[in-house]
Amino acid sequence: MSKESIVQLEDIIAWKVQQIQNKVNEPMPLPMQQALEVNNDWRQELSFVEHFYTSQADEQRPSAQLSTRFYQMLNSAQVVQEQRVHNTKNNAGEVRFQPGIWQAISSWFMPAPVYQFAMLAVCFGLGWYLKPIDNNTVATNHESQQISALQNEVKSLTTMVAVSMLQNPSATERLNGIAYSASLIDQEPQIQQTLLKVLATDDSTSVKLAALKSLAEIQNIAPIADALIDVLNTERNPLVQINVLQMLLLSGNEDVYLKTTNQLTNTELSTEASKILEQLSQVNQI
Amino acid sequence: MTDETALMQQIQQGQLDKLAVLFERHHVSLYNYFLRSGNSPALSEDLVQETFTKILAYRQSYSANGTFKSWMYGIAKNTMADQYRGLAATSVHVDADDEPLAANHSLQENMEQKEKQSLFEAALQKLPVELKESLVLSRYQQLNYEEISTMVGCNVNTFKSRIRKALSLLQSHYQVLSGEGE
Amino acid sequence: MTNFKLQKLTTVIKTITLANALIFSASAYAQQAERQYSVELSDPSKPMFLDVEMYMGNITIEGYEGQTVEIVAEVLNDFQPDKHKDKWQKNWKRVDTNKPMRSTEGLTPVSHTAFNLEIMESSNRVEIESEFGSKPVAIVVKVPQNASLDVNLYTGDSINISNISGNVEVESHIGNINGTLITGPIVAETHASDIVIEFNTFSDSAPSSFATHSGDIDISLLANTASTVEVQNYQGQVLSGLGTEFESVDKVNKKQRENGQKIEIGSQLQAKLNGGGQVMSINTYSGNVYLRQK
């Protein structure tokens, strides 16, 4: 037949590969056999293909860490799903965590970097909204709206996680939460409020100092000035007092400066903080 | 394979724990896919993790038309491509010349099979990325031509030619490495 | 300054006695000063958590290969809290100076080794507590190496922790904190005592942080540690043997802001070891900071 003459090596290879993969015992079609018989180079090439496809392929094992990370991710995804259902049912504005929920989320952060959550949050949200994905899909207007809605959702989800981390009994996890929430400090009042609460009530000086460092990045300090002055009235640790003073007096905001100095007359500062206050006053006169 | 489709449908309906079954079944071969594609062990693990995270995220986009396996490798391939784009400045591709064969323990062992396999692996690393990718998916991940051609966006006949070209190039590298080709 | 959780401690103890969990009570009048306990974990295949709260005494915690928690507790009859007085009781005065001295003629002190130590295990969480009013106790606890710890001591010679790869949180009002073969993350805090930590590797899973008012902070790191080390102190020296230069933020650093400028005061130092990595924060008001390369 005329078809015999157009048998090509790639067809024979494709057949061979299929045979090997499917373990089919059918003999090779005659035209292919005939083509091979007259072509020594093809036979050699096919022999190589057979060797390559049938030689033993050793598989390397990944570390146990991979499984741990996967199950933590899965666990967290289940938590997020439960929380989503919970929130939808209750339609509650306040985020309330049931016991074990923050634990599940925070445990996920212990060995893995924080970015994983962001990754999950974004991906999880995408899976929720975007039905078909394709490499070359161009987002329609409708999809853009969906993505925008998703971004808001992810932001609130991220805030929710940050807040839960900041409430974790482990100081390490709270430090992680502060680092995690740093990028949201100027956008999310809820994060600011939680950090202020941490500053006022946390047991760990390290955590308070980290919270202060994060709060110091807020562009406009005026709305939280009162809360910071309150901290000066209750906080006894000189390191924390000094950092709060620096924030208030060196913010560049004249109103905050005046408000602080006026109120400080009634505040009993530590010797160390008083010293710094003296220095700061001198700086302000420069 | 149909049971994997059923598992995916259960995951789509909210039984996320079913993903564990798919993970246990595929994570080792997926890890080896990333390794063979030239990624370091640590990065390969990250890529496996990311692939499964995406599987979870994109679960609703899976349709029963194709096998789960081919869908998963499609995501894996894109994940790796994203990684290369992100790390454009630092090459992730391990060239066989940079990865000396002498360092490969299997070569030091006098087991012919292992030696041959090491040479295949070394020769594979010398192929251009596109050809290597197709060959790895076909040989090691055992996807069929139709599945891979859909994944890489070409028709089956073009893919047949590509595989042949890849194998031919692999053979010449293999011969040089084994000292056969003078 | 530090919020020692004594009130919480007593509440916890009350809760424990009601809890549906294993309780080991060592409050009997012991014949010998030293006692040993072995606590089995609910699930030895999973990492455990050890919580120690002690009012007075010394604490030693060692990671080991085993899967149980081994505790040796000993009453410290020769413990002299007085030697720490100068550190924390400068303004301390006796209020009963007008009381008449009672005669001790013909009386000899009775050696008494009673102490109260509560040990509880529940869901891989082991709590060891010695409340206020109990005799000072020295405990040595062996835990699986990957255990996480939360250790609080109000007054004592030291807390010694070694060979632990889990999270470590440790606070001592009076008494040094010594750590060897620590992986971190670790958060340690004292008032006037020193913090001396030798890292094995440095975990990048969460920040590590050290804070003390007037104690020294002495940290040893492996040469290949990747970390961003931040040091804040106001008095006292910073001495570094690390290969990387510290960048000093000026005493007064003015930054333009939207509505004015921001000025920072204080000695702020930062070094990015091996390109930088997870943050290690070191804060002291008047203590020295020593940074060493192992």
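Everything quoted here is computed from the prediction, not taken from an experiment. (Residues numbered from 1 in each chain as written. Chains lettered and ligands numbered in written order. Predicted model: local features only at pLDDT ≥ 70, side-chain atom pairs only at ≥ 80, totals over all residues. Heavy atoms only, no water.)

Caption draft 1: Looking closely at the overall build of chain A. Counting secondary structure elements, chain A contains 15 helices and zero strands. Across the 286 residues in chain A, those meeting the buried criterion constitute 49%. Look at the contacts in chain A between residues 6 or more apart in sequence, and 65% of them connect residues 24 or more apart. When the accessible surface of chain A is summed, it comes to about 14,300 Å², and 50% of that surface belongs to carbon and sulfur atoms. (Helix = DSSP H or I, 4+ residues; strand = E, 2+ residues; numbered from the N terminus. Buried < 20%, exposed > 50% of the residue type's maximum accessible area, 1.4 Å probe, protein only. Contact = heavy atoms within 4.5 Å. Areas by Shrake-Rupley, 256 points an atom, 1.4 Å probe, with all protein chains shown as cover.)

Caption draft 2: Highlighting helix α11 (residues 205-215) of chain A. Residue and element names in this part refer to chain A. With nine of its eleven residues buried, α11 lies for the most part within the structure. Here α11 has its buried residues at Thr205, Ser206, Val207, Lys208, Leu209, Ala211, Leu212, Ser214 and Leu215. With a side-chain oxygen positioned 3.3 Å from the backbone nitrogen of Ser206, the residue opening α11 is Ser204. (Polar contact = N/O pair within 3.5 Å; in protein donor to acceptor, adjacent residues only side chain to side chain.)

Caption draft 3: Structural context of the pattern of salt bridges. Tallying each qualifying case throughout the model produces 15 salt bridges over all chains. The residue Arg164 of chain B makes a salt bridge to Glu10 of chain A at a minimum N-O spacing of 3.3 Å. Of the two residues, Arg164 of chain B is situated in helix α9 (residues 156-178) and Glu10 of chain A in helix α2 (residues 9-22); the pairing between them involves two chains. Taking relative accessible area as the criterion, Arg164 of chain B reaches 26% and is therefore assigned partly exposed. Here Glu50 of chain A ties to Lys16 of chain A by a salt bridge, and the two come within 3.8 Å at their closest N and O atoms. Of this pair, Glu50 of chain A sits in helix α4 (residues 40-54) while Lys16 of chain A sits in helix α2, and the two are 34 residues apart along the sequence. Through salt bridges with shared partners, one network takes in Asp3, Glu4 and Arg25 of chain B. (Salt bridge = Lys/Arg side-chain N within 4 Å of Asp/Glu carboxyl O.)

Caption draft 4: Up close: the environment of Tyr31 of chain B. Tracing the backbone through its elements, the reader meets Tyr31 of chain B in helix α2 (residues 19-36). Along the backbone, Tyr31 of chain B and Ala76 of chain B are 45 residues apart, and their C-alpha atoms lie at a distance of 10.0 Å. Discounting chain neighbours no more than four positions away, the residues touching Tyr31 of chain B are Gln60, Arg61 and Pro62 of chain A together with Pro41, Ser44, Glu45 and Val48 of chain B.

Caption draft 5: Representation of the interface of chain A and chain B. Listed by partner, the interface residues are 48 residues for chain A and 52 residues for chain B. Across the chain A to chain B interface the summed buried area is about 4,700 Å²; carbon plus sulfur atoms make up 60%. There are two salt bridges connecting chain A and chain B. Run the count over chain A and chain B and you get twelve residue pairs in polar contact (both at pLDDT 80 or more). Elements that contribute at least two residues to the side of chain A that touches chain B include exactly α2, α4, α5 (64-90) and α7 (115-129) of chain A. The element best represented in the side of chain A that touches chain B is α5 of chain A, accounting for eleven residues. (Buried area = accessible area lost by both parts, 1.4 Å probe.)

Caption draft 6: Quick peek at the nonpolar core. The biggest cluster of nonpolar side chains holds 74 residues, and the ones touching the most others in it are Phe52 and Leu135 of chain B. Beyond its immediate stretch of four places on either side in the chain, Leu135 of chain B contacts Phe52 and Tyr53 of chain A together with Leu124, Leu127, Tyr140, Ile163, Ala166, Leu167 and Leu170 of chain B. Of all hydrophobic cores here, the second largest spans 52 residues; its members include Ile128, Leu153, Ile217 and Ala271 of chain C. (Core = buried A, V, L, I, M, F, W, Y, C linked by side-chain atoms within 4.5 Å.)

Caption draft 7: Quick look at α9 of chain B. Residues and elements named next belong to chain B. Between the first and last C-alpha of α9 there are 32 Å, a value that for 23 residues agrees with the 33 Å anticipated at 1.5 Å per step. Taken together, the buried positions of α9 are Phe159, Lys160, Arg162, Ile163, Ala166, Leu167, Leu170, Gln171 and Tyr174. The N-cap of α9, judged by a side-chain oxygen 3.1 Å from the amide nitrogen of Asn157 a few residues on, is Asn155. Following α9 by one or two positions, Gly179 adopts a phi angle in the positive range, close to 85 degrees. (Expected span 1.5 Å × (residues − 1).)

Caption draft 8: Molecular detail of the packing of helix α8 (residues 145-152) of chain B against α9 of chain B. Residues and elements named next belong to chain B. Where α8 meets α9, the axes come as close as 9 Å, and the angle between the chain directions of the two elements is 100 degrees. If you check the angle between α8 and α9, you find them roughly perpendicular. Taken together, the residues of α9 that come into contact with α8 (itself represented by Tyr145, Glu146, Ile148, Ser149 and Val152) are Val156, Phe159, Lys160, Arg162 and Ile163. Grouping the constituent residues of the contact of α8 with α9 by class yields six nonpolar, one polar and three charged. (Axes fitted to C-alpha atoms, helices over the stretch in contact; angles between N-to-C directions. Parallel < 35°, antiparallel > 145°, perpendicular 65-115°, else oblique. Nonpolar A, V, L, I, M, F, W, Y, C, P; charged D, E, K, R; others polar.)

Caption draft 9: Region of interest: unusual backbone geometry. All names here are of chain C. The linkage connecting Gly184 with the following residue, Pro185, adopts the cis geometry, with an omega of 0 degrees. With respect to the helices and strands, Pro185 occurs in the loop between β9 (168-182) and β10 (186-190). Look at Ser123: it is not a glycine, yet its phi comes out positive at around 50 degrees. With a relative accessible area of 63%, Ser123 lands in the exposed category. Its identity is not glycine, yet Leu181 carries a phi of approximately 50 degrees, on the positive side. Locating Leu181 in the fold gives a position in strand β9.

Caption draft 10: Layout of the confidence of the model for chain C. Residues and elements named next belong to chain C. The predicted model of chain C has a mean per-residue pLDDT of 78, with 71% of residues at 70 or higher. Scored below 50 in pLDDT, residues 1-32 makes 66 contacts in the model with residues more than four places away or belonging to other chains. Confidence drops under a pLDDT of 50 for residues 250-264, and excluding neighbours within four residues, the segment shows 43 contacts in the predicted structure. (pLDDT = per-residue confidence, 0-100.)

Caption draft 11: The pairing of strand β20 (residues 278-284) of chain C, seen in detail. Residues and elements named next belong to chain C. Of all the seven residues making up β20, six are buried; the element is thus mostly covered by neighbouring parts of the structure. Direction of pairing for strand β12 (residues 208-212) relative to β20: parallel, over a ladder of five bridges. Looking at the pairing, Phe210 lines up with Ile282 of β20. Of the strand pairs in this sheet, strand β14 (residues 227-233) and β20 are connected by seven bridges, and their pairing is parallel. Paired with Gln232 across the two strands is Asn283, which belongs to β20. (Pairing = 2+ DSSP bridges.)

Caption draft 12: Main features of the environment of Thr180 of chain C. All names here are of chain C. Along the polypeptide, Thr180 turns up in strand β9. Separated by 20 residues in sequence, Thr180 and Asn160 have C-alpha atoms that sit 8.1 Å apart. If sequence neighbours within four positions are ignored, Thr180 has contacts with Ile161, Ser162, Asn163 and Glu198.

Caption draft 13: Expanded view of the packing of helix α12 (residues 225-234) of chain A against helix α14 (residues 254-264) of chain A. Residues and elements named next belong to chain A. Taken N-terminus to C-terminus, the directions of α12 and α14 make an angle of 25 degrees; their axes are 11 Å apart at the nearest point. The orientation of α12 relative to α14 falls into the category roughly parallel. The two elements α12 and α14 meet at a crossing, and its hand is right-handed. Every residue of α14 that contacts α12 at Ala225, Asp226, Ile229 and Leu232 is listed here: Val256, Lys259, Thr260, Gln263 and Leu264. (Left-handed = near helix turned anticlockwise from the far one by under 90°.)

Caption draft 14: Layout of the confidence of the model for chain A. Residue and element names in this part refer to chain A. Of the residues in chain A, 68% have a pLDDT of 70 or more, and the chain-wide mean is 73. Considering each helix and strand of chain A separately, the mean pLDDT is smallest for helix α6 (residues 101-109), with a value of 41, and largest for α11, with 93. For the stretch residues 91-116, pLDDT sits under 50, and the model shows 50 contacts to residues farther than four places along the chain or on other chains. Under a pLDDT of 50 for its full length, residues 125-139 has, in the predicted model, 25 contacts with residues more than four places off or in other chains.

Caption draft 15: Main features of the packing of aromatic side chains. Applying the stated criterion across every chain yields a total of 19 aromatic pairs over all chains. For the pair Phe52 of chain A and Phe120 of chain B, a centre-to-centre distance of 5.1 Å together with 65 degrees between the ring planes defines the contact as edge-to-face. With one member in each of two chains, Phe52 of chain A in helix α4 and Phe120 of chain B in helix α6 (residues 112-125) form a pair that bridges those chains. Here Phe68 of chain B and Trp71 of chain B contribute two aromatic rings whose centre-to-centre distance is 6.2 Å and whose plane-to-plane angle is 50 degrees, an arrangement assigned as tilted. Remark: Trp71 of chain B and Phe68 of chain B occur in helix α4 (residues 68-86); sequence separation between them is three residues, near one turn of the helix. Taken individually, Phe68 of chain B and Trp71 of chain B each receive the classification buried, so the pair is uniform in this respect. Ring pairing ties together the aromatic residues Phe48, Phe52 and Tyr53 of chain A together with Phe120, Tyr140 and Tyr174 of chain B, which thus form one cluster. Residue placement shows Arg139 of chain B over the ring face of Phe52 of chain A; its charged tip is 5.9 Å from the ring centre. Across from the ring centre of Tyr140 of chain B, 4.7 Å away, lies the NZ or CZ of Arg139 of chain B, which sits over that ring. (Phe/Tyr/Trp six-rings, centres within 6.5 Å; stacked < 30°, edge-to-face > 60°. Lys NZ or Arg CZ within 6 Å of the ring centre and 35° of its normal.)

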